[in-house]
Amino acid sequence: MSVDLEKLELAAKMILEAIGEDVDRDGLVKTPRRVAKSFEYICSGYFKDPKEVLNDALFESTNNEMVVVRNIEFYSMCEHHILPFFGRVHVAYIPDKKVVGLSKIPRMVNVFARRLQIQEQLTEQIADAIMEVVQPKGVGVVIHARHMCMEMRGVETKHSYTSSSALRGIFLEEKTREEFFNIINAPIQTHF
Ligand SMILES: Nc1nc2c(ncn2[C@@H]2O[C@H](COP(=O)(O)OP(=O)(O)OP(=O)(O)O)[C@@H](O)[C@H]2O)c(=O)[nH]1
Ligand SMILES: [Zn+2]
């Protein structure tokens, strides 16, 4: 299963025509095809199962301390304007007999991000997928993002950042929540 490339190509051509462009001029001849291929990638998350990604690397473990993956970069598209929003995700969980392969967390984030989204839903979907598959004691997810629909058009707020969070299980308790926010707000030492 994949996107309908022909339909996307036609749609891109129609947009060019609608804005009064000459679809036959040199620079634009290949544009509808490029747009279709570009959407195929940007929306590839519809054809992947985020839970399968996590399931691919689940390991038994006795660890029960907080695991945090910070600064996962993502690019998504807002479902209201089909314009990009992008930023960073911080994901934490406290294992309960199982840990997940670290690389699977950014992979799973990208499956959800490569769909039409709103930031709050993206945040919650990441938290809920980990809760369901890894069954930890709790999960915390924070996203900081810039929305092009608020910058390039509309209200035109330059460089405003939107933050959202989703806390599950033990992360709803003050002590765990505080540890999580302290870790994600601490400066990162980039040279070890
Ligand atoms: N909650 C939420 N809202 C979003 C997100 N991305 C875009 N929006 C908002 O979706 C809303 C859509 O509002 P509408 O009034 O229907 O659309 P619009 O006339 O284009 O709105 P303006 O952007 O204010 O010009 C806007 O307020 C956007 O800022 C998101 O990730 N989460
Ligand atoms: Zn938007």
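Residues numbered from 1 in each chain as written. Chains lettered and ligands numbered in written order. Predicted model: local features only at pLDDT ≥ 70, side-chain atom pairs only at ≥ 80, totals over all residues.

Per an unreviewed UniProt entry, the chain goes by GTP cyclohydrolase 1 and derives from Nautilia profundicola. As stated in UniProt under Pathway (unreviewed entry), the record for the chain gives "Cofactor biosynthesis; 7,8-dihydroneopterin triphosphate biosynthesis; 7,8-dihydroneopterin triphosphate from GTP: step 1/1." In its Sequence similarities (unreviewed entry) section, the UniProt entry covering the chain states "Belongs to the GTP cyclohydrolase I family." (UniProt positions renumbered as here; feature names shortened; annotations may be inferred.)

Moving on, we come to the packing of helix H1 (residues 5-18) against helix H2 (residues 31-42). Where H1 contacts H2, the two axes come as close as 8 Å, and the packing angle between them is 125 degrees. In this view, H1 runs oblique relative to H2, as classed from their interaxial angle. As H1 packs across H2, the resulting crossing turns out to be right-handed. Seen from H1, the contacting residues are Leu5, Leu8, Glu9, Ala12, Lys13 and Leu16; seen from H2, they are Thr31, Pro32, Arg33, Val35, Ala36, Phe39 and Glu40. (Axes fitted to C-alpha atoms, helices over the stretch in contact; angles between N-to-C directions. Helix = DSSP H or I, 4+ residues; strand = E, 2+ residues; numbered from the N terminus. Parallel < 35°, antiparallel > 145°, perpendicular 65-115°, else oblique. Left-handed = near helix turned anticlockwise from the far one by under 90°. Contact = placed C-beta atoms within 7 Å.)

Below, the discussion takes up the sheet that holds strand S7 (residues 162-169). Whenever strands of a sheet pair, they do so through backbone hydrogen bonds, lying parallel or antiparallel. Spatial strand order, S5-S2-S3-S6-S7: five strands in an open sheet with mixed pairing. Each edge of the sheet is formed by a strand with only one pairing partner; in this case those strands are strand S5 (116-117) and S7. Taken together, the nine bridges between strand S2 (residues 67-78) and strand S3 (residues 84-94) define a ladder with antiparallel strand orientation. In the sheet register, methionine 77 faces S3, and the bridge partner there is proline 84. Against the sheet, helix H5 (residues 119-134) engages S2, S3, S5, strand S6 (138-147) and S7, with an angle of about 25 degrees to S7. (Pairing = 2+ DSSP bridges.)

Among the nonpolar cores identified, the biggest contains 31 residues, and Val89, Met108, Val109, Ile126, Ile130 and Val141 are the most heavily contacted of them. Of all the elements in the fold, those that place two or more residues in this core are helix H3 (50-55), S2, S3, helix H4 (104-113), H5 and S6. With near-sequence residues (within four places) excluded, isoleucine 126 lies in contact with Val89, Val91, Met108, Val109, Phe112 and Val141. (Core = buried A, V, L, I, M, F, W, Y, C linked by C-beta atoms within 7 Å. Buried ≥ 20, exposed ≤ 12 C-beta atoms within 10 Å, placed from the backbone.)

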